[in-house]
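# What the coordinates show
The residues making up each chain are set out below.
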2 protein chains.
Amino acid sequence: MKAEPACPEPPSAASGGPVSHAISRAARLHRIAAGRLLRDLGLYPGQEFVMMHLWDAGPVRQSELIKAVGLDPSTVTKMLQRLEQAGHVRRCPDPADRRAALVEATGASCGLKTQVEQAWRQLEETTLAGLDEHEREELLRLLGRVEGNLCPQAREEHEEAADAADAACVAEV
Amino acid sequence: MKAEPACPEPPSAASGGPVSHAISRAARLHRIAAGRLLRDLGLYPGQEFVMMHLWDAGPVRQSELIKAVGLDPSTVTKMLQRLEQAGHVRRCPDPADRRAALVEATGASCGLKTQVEQAWRQLEETTLAGLDEHEREELLRLLGRVEGNLCPQAREEHEEAADAADAACVAEV
DNA sequence: GCGCATTACTTGGCCGACCAAGGTAAAGTT
DNA sequence: AACTTTACCTTGGTCGGCCAAGTAATGCGC
């Protein structure tokens, strides 16, 4: 055995935001689990989203892909470079717009599609084991709300209310 | 305006696992939001967990810290190197065990504590805006279940049932 | 037609995070 | 006492992911 995620027990310091902590941790474990399943397929966690979109959208402009997965453009660029090098993806310049690039999944990646979907279903089931249909829907609904709360670009008003003096601090000998 | 996370609308391809998708996306947005708040404090997302533990646990062995945050040892090592260089953390060899290292937050980092807690509270509130107390508890409970499902080290039986032939695939001209 | 903003992507840099492999010191065995 | 295992940490490499800045082509106003 190696690192053993180990499920760091009830987080002593859930002090500030218990839900925030829970989100981070659950997501990390989820990503690791996804990574394990994907690894055997030759994909790295994160790439599934790109491939999935390409598989069921066909050739698309890179900009559209970026919008679809919601990642930073630079992230997608690098990911595509690696996916291309791995043979999962092909890119060619858009004849209609010379600054744009068209991206599509290669035929070779086709076989992966089924496997990735299978893995993804398995991950879903593992993740939600022991939850009934109602709970799953509720979780989905709540996560949707969270997503909605977090993404609105309008987050200008930072509301800096930093006033409280610093309390006693241990450490520092 | 720059990238604008943009909240990529109802994910066309939520096909396989809707909840898994929701977790990934919500977590990513959450992390970005955390990053924005933390950035002004001179911390990078992820480091908060380490600092929080150090603040309310005092000097600890690195191994204990690793167990507490549940990250890979190498991740913590590098993070500590950066935190040390930034002056947030101090490390010294454990006199009782020469292979171990003791870690503690520096006095300078003390002022940060309050601010981080404040930021973390704000993040929690932003994340959960519009959810009543019952919904928050429910979300926390469900995330806890997910965490439990995902972390059990016993994930030996991979259950490879890859049999279905690959379906039709578009792309590839 | 010319200049300027927009759009589309790339490059470089930095971090968190993983895995794999290594080195050293303590604990357990024989 | 010598050997083996285990624990603790580090190094190196690779990825996803962000930001900031840069390049190139398009479109718009004039």
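Shown above is the structure to which this text applies.
Attention in this report is confined to the structure presented alongside it. All values reported here derive from a predicted model rather than from experimental measurement. What you see as residue numbers is a count from 1 along each chain, following the sequence as written. Written order determines the labels here, with chains lettered from A and ligands numbered from 1. Only residues with pLDDT of at least 70 are given local features in this predicted model, and only at 80 or more are side-chain atom pairs given and counted; all residues enter the totals for whole chains, interfaces and linings. Excluding hydrogens and water, the side-chain figures rest on all heavy atoms present in the structure.

### Some thoughts on the sheet that holds strand β1 (residues 60-61) of chain A
Residues and elements named next belong to chain A. Strands qualify as paired when DSSP identifies two bridges or more between them. Secondary structure elements are defined from DSSP: runs of H or I of at least 4 residues count as helices, runs of E of at least 2 residues count as strands, and each element is numbered from the N terminus. Pairing is antiparallel in the open sheet, where three strands are placed in the order β1-β3-β2. Each having just a single partner strand, β1 and β2 (89-93) make up the two edges of the open sheet. Judged from the five bridges that link them, β2 and strand β3 (residues 101-105) form a sheet pairing that is antiparallel. By the bridge assignment, cysteine 92 is partnered in β3 with leucine 102. By definition in these notes, contact holds between two residues if any of their heavy atoms fall within 4.5 Å. A fitted line through C-alpha atoms serves as each axis, taken over the contacting stretch for helices, and the angle formed by two N-to-C directions is quoted from 0 to 180°. On top of the sheet, helix α2 (residues 47-55) reaches β1, β2 and β3; it is set at about 90° to β3, its chief contact.

### Some thoughts on the sheet that holds strand β2 (residues 89-93) of chain B
Residue and element names in this part refer to chain B. One open sheet holds the three strands; their spatial order is β1-β3-β2, and the pairing between them is antiparallel. The open sheet has two edge strands, β1 (60-61) and β2, and neither has a second partner. Helix α2 (residues 47-55) rests against β1, β2 and β3 (101-105) of the sheet, and its axis sits at about 90° to β3. Across the face of the sheet, helix α4 (residues 73-85) comes into contact with β2 and β3 while running at roughly 115° to β2.

### Section: the environment of A:Tyr44
All names here are of chain A. Its location among the elements puts tyrosine 44 in the loop between α1 (18-39) and α2. The cut-offs for exposure are 20% and 50% of the maximum accessible area for each residue type, with area from a 1.4 Å probe on protein chains only; residues under the lower value are buried, those over the upper are exposed, and the others partly exposed. Residue tyrosine 44 is classed as exposed on the basis of its relative accessible area of 57%. For the pair formed by tyrosine 44 and methionine 79, sequence separation is 35 residues and the distance between their alpha carbons is 9.7 Å.

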